[in-house]
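Now for the letters of each chain:
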Amino acid sequence: SMVKDKHAEFQQACSGTGRTKGSVVTWERLRECLHKILSNIGSGGQPIPLSNLKRMFRSKFNVELSETALGYAKLSELLQDSRVSDLGEIKLQGHGYVMIPTQTKPKRNFISL
């Protein structure tokens, strides 16, 4: 929407929700929280619906995930920014977008004989 585009342009949180309990997320905190959320999903690589992410940030970290405060009008675009895109991949699945955790390669244990 135009309102979200304007807020994103000036890097301001949209205050229309009225649900803000904690502070608005910073890039550093976004990366830290996303890493924790995606790590807790486990190595199964279960996708997380983007529609759940804001609630998860509020309930688990008491911080408001605001894409407009970080300069984006859409959450899906924010999560594709180079500062966090290495943590997971955004894909359209069914009727909404999901974030799929990046699979980390298991560390190899070398055995010397």
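I will try to describe carefully the structure that is included in this document. (Residues numbered from 1 in each chain as written. Predicted model: local features only at pLDDT ≥ 70, side-chain atom pairs only at ≥ 80, totals over all residues. Heavy atoms only, no water.)

## Section: the nonpolar core
- In terms of nonpolar packing, the biggest core is built from 23 residues, with Leu-30, Leu-34, Leu-53, Phe-57, Leu-65 and Leu-79 touching the most fellow members.
- Among the elements of the structure, helix 2 (27-40), helix 3 (50-61) and helix 4 (75-78) are those that each provide at least two residues to this core.
- The leading source of residues in this core is helix 2, at 6 residues.
- Apart from residues no more than four positions distant in its own chain, Phe-57 is found in contact with Val-25, Leu-30, Cys-33, Leu-34, Ile-37, Asn-62, Val-63 and Leu-65. (Core = buried A, V, L, I, M, F, W, Y, C linked by side-chain atoms within 4.5 Å. Buried < 20%, exposed > 50% of the residue type's maximum accessible area, 1.4 Å probe, protein only. Helix = DSSP H or I, 4+ residues; strand = E, 2+ residues; numbered from the N terminus. Contact = heavy atoms within 4.5 Å.)

## What to know about unusual backbone geometry
- Here Asn-62, not a glycine, exhibits a phi torsion of approximately 50 degrees, which is positive.
- Position of Asn-62 among the secondary structure elements: in the loop between helix 3 and strand 3 (63-64).
- You can call Asn-62 partly exposed: its relative accessible area is 45%.

## Examining the environment of Leu-50
- Among the secondary structure elements, Leu-50 is positioned in helix 3.
- Leu-50 sits in the buried class, given a relative accessible area of 8%.
- With residues up to four places along the chain from it excluded, the contact list for Leu-50 reads Leu-75, Ser-76, Leu-79, Ile-90, Tyr-97, Val-98 and Met-99.

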